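Listed below, chain by chain, are the residues.
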Amino acid sequence: MNRQLPLRQRVRKALVILAFLSFPITMNFLSPYVIIDGAANGILNGSLVMFGLMFISSLFLGRAWCGWVCPGAGMQEIVEPVNSNPVRGRRVDWVKWLIWIPWISLIVWLAVRSGGYQTVDLLYHTQGGISVAGSADRPILFAYIIYYFVIGLFVGLAIFVGRRAGCHTICWMAPFMIFGRWLRNRFGWPSLRLKADIAACADCKKCTSNCPMSLDVNVMVQAGKMENTECILCGTCVDNCTKQAVRYSFSSGK
Ligand code: SF4
Ligand code: SF4
Ligand code: SF4
(Lines give C-alpha, C1' and ligand atoms only; values in the text may rest on other atoms or scores of the structure.)
(Ligands and ions follow the chains in the order given, each with its own letter.)
Protein backbone atom coordinates (compact mmCIF):
# COMPACT_ATOMS: atom_id res chain seq x y z
CA MET A 1 0.00 0.00 0.00
CA ASN A 2 1.30 3.49 -0.90
CA ARG A 3 2.32 5.59 2.09
CA GLN A 4 0.43 8.90 2.42
CA LEU A 5 2.65 11.95 1.98
CA PRO A 6 3.14 14.22 5.01
CA LEU A 7 0.47 16.95 5.11
CA ARG A 8 2.80 19.82 4.15
CA GLN A 9 3.99 17.86 1.13
CA ARG A 10 0.40 17.15 0.07
CA VAL A 11 -0.29 20.89 0.22
CA ARG A 12 2.88 21.59 -1.77
CA LYS A 13 1.99 19.00 -4.43
CA ALA A 14 -1.52 20.46 -4.69
CA LEU A 15 -0.08 23.97 -5.16
CA VAL A 16 2.32 23.00 -7.95
CA ILE A 17 -0.40 20.98 -9.72
CA LEU A 18 -2.78 23.97 -9.46
CA ALA A 19 -0.02 26.16 -10.89
CA PHE A 20 0.32 23.71 -13.78
CA LEU A 21 -3.44 23.76 -14.39
CA SER A 22 -3.27 27.58 -14.49
CA PHE A 23 -0.54 27.51 -17.12
CA PRO A 24 -2.93 28.40 -20.02
CA ILE A 25 -3.42 31.70 -18.18
CA THR A 26 0.11 32.30 -16.92
CA MET A 27 2.29 30.97 -19.75
CA ASN A 28 3.11 34.34 -21.33
CA PHE A 29 3.94 35.89 -17.97
CA LEU A 30 6.80 33.38 -17.73
CA SER A 31 7.75 33.38 -21.38
CA PRO A 32 11.36 33.55 -22.61
CA TYR A 33 10.02 34.94 -25.91
CA VAL A 34 7.64 37.67 -24.65
CA ILE A 35 10.46 39.35 -22.74
CA ILE A 36 12.60 39.37 -25.92
CA ASP A 37 9.77 40.80 -28.02
CA GLY A 38 9.08 43.40 -25.31
CA ALA A 39 12.74 44.45 -25.22
CA ALA A 40 12.87 44.77 -29.02
CA ASN A 41 9.81 47.05 -28.96
CA GLY A 42 10.61 48.98 -25.78
CA ILE A 43 7.63 47.50 -23.91
CA LEU A 44 7.95 46.67 -20.23
CA ASN A 45 5.95 43.42 -20.08
CA GLY A 46 4.58 40.82 -17.67
CA SER A 47 7.46 38.37 -18.15
CA LEU A 48 10.05 41.00 -17.28
CA VAL A 49 8.09 41.86 -14.11
CA MET A 50 7.67 38.19 -13.14
CA PHE A 51 11.37 37.40 -13.59
CA GLY A 52 12.18 40.51 -11.54
CA LEU A 53 9.83 39.32 -8.79
CA MET A 54 11.45 35.87 -8.82
CA PHE A 55 14.84 37.52 -8.36
CA ILE A 56 13.55 39.68 -5.48
CA SER A 57 11.80 36.72 -3.79
CA SER A 58 15.01 34.70 -3.93
CA LEU A 59 16.78 37.34 -1.84
CA PHE A 60 14.59 36.27 1.11
CA LEU A 61 13.02 32.94 0.14
CA GLY A 62 15.75 31.27 -1.92
CA ARG A 63 14.23 29.07 -4.60
CA ALA A 64 10.95 28.51 -2.76
CA TRP A 65 9.14 29.57 -5.97
CA CYS A 66 10.53 26.38 -7.58
CA GLY A 67 9.48 24.20 -4.70
CA TRP A 68 6.02 25.58 -4.10
CA VAL A 69 4.33 27.53 -6.91
CA CYS A 70 5.97 27.03 -10.29
CA PRO A 71 3.86 25.52 -13.09
CA GLY A 72 7.05 23.86 -14.39
CA ALA A 73 7.28 22.04 -11.06
CA GLY A 74 3.71 20.77 -11.39
CA MET A 75 4.13 19.51 -14.94
CA GLN A 76 7.25 17.55 -13.95
CA GLU A 77 6.14 16.23 -10.56
CA ILE A 78 2.88 14.97 -12.05
CA VAL A 79 4.84 12.48 -14.18
CA GLU A 80 7.22 11.43 -11.40
CA PRO A 81 5.45 8.06 -11.03
CA VAL A 82 6.43 7.35 -14.68
CA ASN A 83 10.15 7.91 -14.04
CA SER A 84 11.34 8.67 -10.53
CA ASN A 85 15.01 8.11 -11.34
CA PRO A 86 17.22 10.79 -9.82
CA VAL A 87 19.25 13.08 -12.10
CA ARG A 88 22.78 12.42 -10.89
CA GLY A 89 25.94 14.20 -11.99
CA ARG A 90 25.94 17.85 -11.13
CA ARG A 91 27.44 18.90 -14.47
CA VAL A 92 23.91 18.90 -15.98
CA ASP A 93 23.12 21.87 -13.72
CA TRP A 94 25.40 24.04 -15.86
CA VAL A 95 23.40 23.50 -19.06
CA LYS A 96 20.86 26.17 -18.10
CA TRP A 97 23.61 28.80 -17.94
CA LEU A 98 24.51 28.06 -21.55
CA ILE A 99 20.94 29.04 -22.38
CA TRP A 100 20.54 31.88 -19.89
CA ILE A 101 23.69 33.91 -20.61
CA PRO A 102 23.12 34.37 -24.40
CA TRP A 103 19.38 34.87 -23.77
CA ILE A 104 19.78 37.61 -21.14
CA SER A 105 22.53 39.25 -23.24
CA LEU A 106 20.14 39.37 -26.20
CA ILE A 107 17.43 40.97 -24.04
CA VAL A 108 19.81 43.66 -22.75
CA TRP A 109 21.12 44.34 -26.27
CA LEU A 110 17.59 44.63 -27.72
CA ALA A 111 16.44 46.88 -24.88
CA VAL A 112 19.41 49.21 -25.42
CA ARG A 113 18.94 49.16 -29.20
CA SER A 114 15.27 50.09 -28.88
CA GLY A 115 16.17 53.06 -26.67
CA GLY A 116 15.02 51.47 -23.40
CA TYR A 117 11.56 50.68 -22.12
CA GLN A 118 9.19 53.48 -23.12
CA THR A 119 5.78 51.89 -22.49
CA VAL A 120 4.30 49.50 -19.95
CA ASP A 121 2.00 46.67 -21.01
CA LEU A 122 1.82 44.01 -18.31
CA LEU A 123 -0.66 41.98 -20.38
CA TYR A 124 1.55 42.02 -23.49
CA HIS A 125 0.92 38.98 -25.73
CA THR A 126 -2.18 37.94 -23.76
CA GLN A 127 -5.89 38.45 -24.33
CA GLY A 128 -7.02 40.27 -21.19
CA GLY A 129 -4.47 38.30 -19.15
CA ILE A 130 -5.12 34.88 -20.76
CA SER A 131 -2.09 33.46 -22.54
CA VAL A 132 -3.57 30.60 -24.55
CA ALA A 133 -6.00 32.66 -26.57
CA GLY A 134 -6.48 33.77 -30.16
CA SER A 135 -6.27 37.35 -31.45
CA ALA A 136 -6.92 39.21 -34.70
CA ASP A 137 -3.35 38.69 -35.94
CA ARG A 138 -2.62 35.31 -34.30
CA PRO A 139 -4.92 32.25 -34.33
CA ILE A 140 -5.45 30.29 -31.11
CA LEU A 141 -3.80 27.27 -32.75
CA PHE A 142 -0.48 29.13 -32.60
CA ALA A 143 -0.89 29.61 -28.81
CA TYR A 144 -1.74 25.92 -28.39
CA ILE A 145 1.37 24.85 -30.32
CA ILE A 146 3.58 26.93 -27.98
CA TYR A 147 1.70 25.66 -24.91
CA TYR A 148 2.13 22.00 -25.80
CA PHE A 149 5.71 22.54 -26.95
CA VAL A 150 6.72 23.94 -23.52
CA ILE A 151 4.86 21.20 -21.66
CA GLY A 152 6.33 18.58 -24.00
CA LEU A 153 9.86 19.82 -23.29
CA PHE A 154 9.56 19.68 -19.50
CA VAL A 155 7.43 16.54 -19.33
CA GLY A 156 9.58 14.78 -21.94
CA LEU A 157 12.78 15.50 -20.01
CA ALA A 158 11.17 14.34 -16.75
CA ILE A 159 9.95 11.11 -18.38
CA PHE A 160 13.07 10.26 -20.37
CA VAL A 161 15.85 11.64 -18.14
CA GLY A 162 14.48 11.72 -14.61
CA ARG A 163 13.14 13.72 -11.72
CA ARG A 164 12.78 17.43 -12.60
CA ALA A 165 15.35 17.11 -15.39
CA GLY A 166 13.98 20.30 -16.97
CA CYS A 167 14.73 22.28 -13.81
CA HIS A 168 18.35 21.13 -13.93
CA THR A 169 18.93 21.73 -17.63
CA ILE A 170 16.68 24.03 -19.68
CA CYS A 171 15.02 26.37 -17.19
CA TRP A 172 15.56 30.02 -18.09
CA MET A 173 14.01 31.20 -14.78
CA ALA A 174 16.20 29.35 -12.27
CA PRO A 175 19.34 31.50 -12.85
CA PHE A 176 17.49 34.63 -11.66
CA MET A 177 16.89 32.92 -8.32
CA ILE A 178 20.32 31.30 -8.11
CA PHE A 179 21.86 34.73 -8.63
CA GLY A 180 19.58 36.28 -5.98
CA ARG A 181 20.48 33.61 -3.48
CA TRP A 182 24.17 34.05 -4.24
CA LEU A 183 23.79 37.77 -3.44
CA ARG A 184 22.00 36.93 -0.19
CA ASN A 185 24.81 34.58 0.81
CA ARG A 186 27.42 37.16 -0.15
CA PHE A 187 25.90 39.81 2.14
CA GLY A 188 24.55 37.37 4.73
CA TRP A 189 21.12 38.87 5.48
CA PRO A 190 18.42 36.61 7.02
CA SER A 191 16.31 34.47 4.72
CA LEU A 192 14.58 31.13 4.44
CA ARG A 193 17.03 28.22 4.40
CA LEU A 194 17.58 24.70 5.73
CA LYS A 195 19.42 23.89 8.95
CA ALA A 196 20.91 20.51 9.84
CA ASP A 197 21.38 18.80 13.18
CA ILE A 198 24.31 16.50 12.51
CA ALA A 199 24.06 14.73 15.86
CA ALA A 200 20.42 13.75 15.23
CA CYS A 201 21.08 12.27 11.79
CA ALA A 202 20.91 8.46 11.61
CA ASP A 203 22.42 8.47 8.08
CA CYS A 204 19.43 6.50 6.77
CA LYS A 205 19.60 8.38 3.42
CA LYS A 206 15.82 8.68 3.20
CA CYS A 207 16.23 12.42 2.53
CA THR A 208 18.55 11.73 -0.40
CA SER A 209 16.29 9.13 -1.99
CA ASN A 210 13.26 11.46 -1.75
CA CYS A 211 14.83 14.77 -2.83
CA PRO A 212 13.02 16.02 -5.98
CA MET A 213 16.23 17.75 -7.08
CA SER A 214 18.32 14.56 -6.64
CA LEU A 215 20.68 16.15 -4.12
CA ASP A 216 22.87 14.13 -1.73
CA VAL A 217 20.97 15.53 1.22
CA ASN A 218 22.39 13.12 3.79
CA VAL A 219 25.92 14.16 2.74
CA MET A 220 24.88 17.82 3.10
CA VAL A 221 23.48 17.07 6.57
CA GLN A 222 26.59 15.17 7.63
CA ALA A 223 28.74 18.09 6.46
CA GLY A 224 26.40 20.59 8.16
CA LYS A 225 26.25 22.49 4.83
CA MET A 226 22.67 22.75 3.59
CA GLU A 227 23.34 25.48 1.02
CA ASN A 228 23.09 24.16 -2.52
CA THR A 229 22.22 26.15 -5.65
CA GLU A 230 19.80 23.42 -6.76
CA CYS A 231 17.90 23.21 -3.46
CA ILE A 232 14.35 24.46 -4.02
CA LEU A 233 13.33 24.54 -0.35
CA CYS A 234 10.49 22.10 -1.03
CA GLY A 235 10.84 20.66 2.47
CA THR A 236 10.61 17.03 1.32
CA CYS A 237 13.74 16.24 3.35
CA VAL A 238 12.34 18.11 6.37
CA ASP A 239 9.03 16.26 6.26
CA ASN A 240 10.49 12.80 5.63
CA CYS A 241 13.17 12.83 8.32
CA THR A 242 11.89 10.93 11.34
CA LYS A 243 14.87 12.18 13.38
CA GLN A 244 14.12 15.89 12.77
CA ALA A 245 17.70 16.29 11.59
CA VAL A 246 16.68 18.86 8.94
CA ARG A 247 14.47 21.87 9.56
CA TYR A 248 13.44 25.16 8.00
CA SER A 249 15.00 28.28 9.44
CA PHE A 250 14.65 31.98 8.71
CA SER A 251 18.11 33.13 9.63
CA SER A 252 21.35 34.57 8.33
CA GLY A 253 22.91 31.13 8.12
CA LYS A 254 25.93 32.15 10.19
S1 SF4 B 1 13.76 25.38 -12.08
FE2 SF4 B 1 12.43 26.48 -13.53
S3 SF4 B 1 10.82 25.04 -14.13
FE4 SF4 B 1 11.86 24.21 -12.35
S5 SF4 B 1 10.56 24.87 -10.67
FE6 SF4 B 1 12.19 26.41 -10.89
S7 SF4 B 1 11.39 27.99 -12.24
FE8 SF4 B 1 10.05 26.19 -12.41
S1 SF4 C 1 16.43 11.32 6.61
FE2 SF4 C 1 17.11 12.41 8.44
S3 SF4 C 1 18.19 10.83 9.61
FE4 SF4 C 1 17.99 10.03 7.54
S5 SF4 C 1 19.93 10.66 6.53
FE6 SF4 C 1 18.42 12.24 6.12
S7 SF4 C 1 18.75 13.77 7.72
FE8 SF4 C 1 19.74 11.89 8.39
S1 SF4 D 1 17.47 19.37 -0.12
FE2 SF4 D 1 15.43 19.15 0.83
S3 SF4 D 1 14.44 21.13 0.53
FE4 SF4 D 1 16.20 21.04 -0.87
S5 SF4 D 1 15.39 20.27 -2.78
FE6 SF4 D 1 16.10 18.49 -1.65
S7 SF4 D 1 14.34 17.74 -0.49
FE8 SF4 D 1 13.84 19.83 -1.22
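Predicted model only: the values in this text are computed from it and were never measured.

Participant: So what's going on with helix H8 (residues 140-160)? Which residues, and what values?
Facilitator: Given a rise of 1.5 Å per residue, 21 residues ought to cover 30 Å, and the 29 Å separating the end C-alpha atoms of H8 matches this to within 8%. Against helix H1 (7-21), helix H2 (23-26), helix H6 (71-77) and helix H9 (165-169) lie the buried residues of H8. Looking one or two residues past H8, Gly162 carries a phi angle of roughly 150°, positive in sign.

Participant: Outline the site of ligand 3, supporting the account with residue identities and numerical values.
Facilitator: As a structural note, the neighbourhood of ligand 3 is formed by Leu194, Cys211, Pro212, Val217, Cys231, Ile232, Leu233, Cys234, Gly235, Thr236 and Cys237. A breakdown of the residues in the shell around ligand 3 according to their chemical character gives 9 nonpolar, 2 polar and no charged.

Participant: How would you summarise the nonpolar core if you had to cite specific residues and measurements?
Facilitator: Membership of the largest hydrophobic core comes to 58 residues, with the highest contact counts inside it found for Phe23, Phe51, Trp103, Met173, Leu194 and Val217. The element contributing the most residues to this core is H8, with 7 residues. Residues contacting Met173, with those up to four places away along its chain left out, are Leu30, Phe51, Met54 and Cys70.

Participant: Could you give an account of the domain arrangement of the protein, naming the residues involved and the relevant values?
Facilitator: Along its sequence, the protein is organised into domain 1 (7-183) and domain 2 (189-251). Opposite the 26 residues of domain 1 that make contact, domain 2 presents 27 residues. Here domain 1 packs against domain 2, burying approximately 2000 Å² in sum over the two surfaces, 47% of which is carbon and sulfur. Interface area lost by domain 1 to domain 2 is led by Arg8, Arg163 and Arg181, which between them contribute 26%. Our enumeration of links across domain 1 and domain 2 arrives at 4 salt bridges. Between Arg181 and Glu227 there is a salt bridge, and its shortest N-O distance comes to 3.1 Å. Across the contact surface, domain 1 and domain 2 share 21 residue pairs in polar contact (both at pLDDT 80 or more). By residue number, the principal contributor to the side of domain 1 that touches domain 2 is helix H5 (residues 64-68), which donates 4 residues.

Participant: Break down the site of ligand 1 for me, with residues and values.
Facilitator: Taken together, the residues surrounding ligand 1 are Arg63, Trp65, Cys66, Cys70, Gly72, Phe154, Arg164, Cys167, Cys171, Met173, Ala174 and Met177. Of all the cavities here, the one that holds ligand 1 is the largest pocket. Taken together, the residues of the shell around ligand 1 sort by class into 9 nonpolar, 1 polar and 2 charged.

Participant: Account for the packing of helix H7 (residues 95-113) against helix H10 (residues 174-187), with residues named and values stated.
Facilitator: How two helices pack is summed up by the angle between their axes together with the distance between the axes. Closest axis-to-axis distance for the H7/H10 pair is 10 Å, and the angle between their directions is 95°. The angle between H7 and H10 falls in the class roughly perpendicular. Across from Lys96, Trp97, Trp100, Trp103 and Ile104 in H7, the residues of H10 making contact are Ala174, Pro175, Phe176 and Ile178.

Participant: Describe the layout of surface pockets, listing the residues and the values that go with them.
Facilitator: It is a probe the size of a water molecule, rolled over the atoms, that shows where empty space is left. Considered as a void within the structure, the largest pocket measures approximately 630 Å³ in volume. The wall of the largest pocket is formed by 40 residues, among which Met27, Asn28, Ser31, Val34 and Ile146 lie closest to the centre. Mapped by element, the contributors of at least two residues to the lining of the largest pocket are H5, H6, H8 and H10. Per-element tally for the lining of the largest pocket: the top contributor is H8, with 7 residues. Of the voids in this model, the second largest pocket is the one considered here, and its volume is about 330 Å³. In this structure, the second largest pocket is lined by 16 residues; those nearest its centre are Leu5, Lys13, Glu80, Asn210 and Thr236. When contributions to the lining of the second largest pocket are tallied by element, the ones reaching two or more residues are H1, helix H11 (206-210) and helix H13 (236-240). With 3 residues, H1 is the single largest residue contributor to the lining of the second largest pocket. Across the lining of the second largest pocket, the residue classes break down as 3 nonpolar, 7 polar and 6 charged. Residue assignment places the lining of the second largest pocket across two domains, with domain 1 (7-183) and domain 2 (189-251) each supplying three or more.

The rules we used
Residues numbered from 1 in each chain as written. Chains lettered and ligands numbered in written order. Predicted model: local features only at pLDDT ≥ 70, side-chain atom pairs only at ≥ 80, totals over all residues. Heavy atoms only, no water. Helix = DSSP H or I, 4+ residues; strand = E, 2+ residues; numbered from the N terminus. Expected span 1.5 Å × (residues − 1). Contact = heavy atoms within 4.5 Å. Near = heavy atom within 4 Å. Nonpolar A, V, L, I, M, F, W, Y, C, P; charged D, E, K, R; others polar. Core = buried A, V, L, I, M, F, W, Y, C linked by side-chain atoms within 4.5 Å. Buried < 20%, exposed > 50% of the residue type's maximum accessible area, 1.4 Å probe, protein only. Domains from an automatic or database assignment. Buried area = accessible area lost by both parts, 1.4 Å probe. Salt bridge = Lys/Arg side-chain N within 4 Å of Asp/Glu carboxyl O. Polar contact = N/O pair within 3.5 Å; in protein donor to acceptor, adjacent residues only side chain to side chain. 1 Å grid on protein atoms, 1.4 Å probe; cavity = no way out; pocket = protein on both sides within 12 Å on 5 of 7 lines; lining within 4 Å. Sits in = over half its atoms within 2 Å of the grid points. Axes fitted to C-alpha atoms, helices over the stretch in contact; angles between N-to-C directions. Parallel < 35°, antiparallel > 145°, perpendicular 65-115°, else oblique. Points joined across faces, edges and corners; volume = space filled by probe spheres on them.

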